[in-house]
Amino acid sequence: MKIQFTRALRTSSSERYLLHIDGNGDDAALELHYLDDGTVAGTLIILDKQYAGKDQVATIVEQIDRLLLPSVTVDSGMLSFTVVKGSVIGTFSAQEETS
């Protein structure tokens, strides 16, 4: 499984990525929150059901851990993930949508 990460948003204490798995579209979204104690809390939202199996999710989490967060690990207790399966409903903002 090859994952490409596209950073969609960055603040001083968090990041949002879109994950493109094996060259497909937006297959997952990742929110990372960098906490004051040095730990990182992540929320992984699986958008494509073919990647929602336990083995696929474990592989995705391992790659996120290795590629994006080399200074913290799940095994050390410095990194944790909540994983959910969902779908995009839309984008809601004060700006008008353009087609």
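Below is a short write-up of the structure. A quick note: this is a predicted structure, and the numbers were derived from the prediction, not measured.

### Quick word on the nonpolar core
Next up, step 1: With 20 residues, the main nonpolar core has Leu-19, Leu-30, Leu-44, Ile-60 and Ile-64 as its most contacted residues.
Next up, step 2: Mapped onto this core, the elements with two or more residues apiece are strand E1 (3-10), strand E2 (14-21), strand E3 (28-34), strand E4 (40-46), helix H1 (54-67) and strand E5 (79-85).
Next up, step 3: At four residues, H1 tops the list of elements feeding residues into this core.
Next up, step 4: Discounting chain neighbours no more than four positions away, the residues touching Leu-44 are Leu-19, Ala-28, Ala-29, Leu-30, Ile-60, Val-61, Ile-64, Thr-82, Val-83 and Val-84.

### Observations regarding unusual backbone geometry
In terms of backbone geometry, most residues other than glycine have negative phi values and most peptide bonds are trans.
Next up, step 1: At Asp-22, a position not held by glycine, the phi torsion is positive, near 55°.
Next up, step 2: One can find Asp-22 in the loop between E2 and E3.
Next up, step 3: Accessibility expressed as a relative area gives 45% for Asp-22, which makes it partly exposed.

### Side note on the pairing of E3
Next up, step 1: As judged from the six bridges shared by E2 and E3, these two strands associate in the antiparallel manner. In the sheet register, Arg-16 faces E3, and the bridge partner there is Glu-31.
Next up, step 2: Hairpin connection of E2 to E3: six residues between the antiparallel strands, including Asp-22 at a positive phi of 55°.
Next up, step 3: Count of turn residues in the E3/E4 antiparallel hairpin: five residues, of which Gly-38 carries a positive phi of about 90°.

Calculation criteria
Residues numbered from 1 in each chain as written. Predicted model: local features only at pLDDT ≥ 70, side-chain atom pairs only at ≥ 80, totals over all residues. Heavy atoms only, no water. Core = buried A, V, L, I, M, F, W, Y, C linked by side-chain atoms within 4.5 Å. Buried < 20%, exposed > 50% of the residue type's maximum accessible area, 1.4 Å probe, protein only. Helix = DSSP H or I, 4+ residues; strand = E, 2+ residues; numbered from the N terminus. Contact = heavy atoms within 4.5 Å. Pairing = 2+ DSSP bridges.

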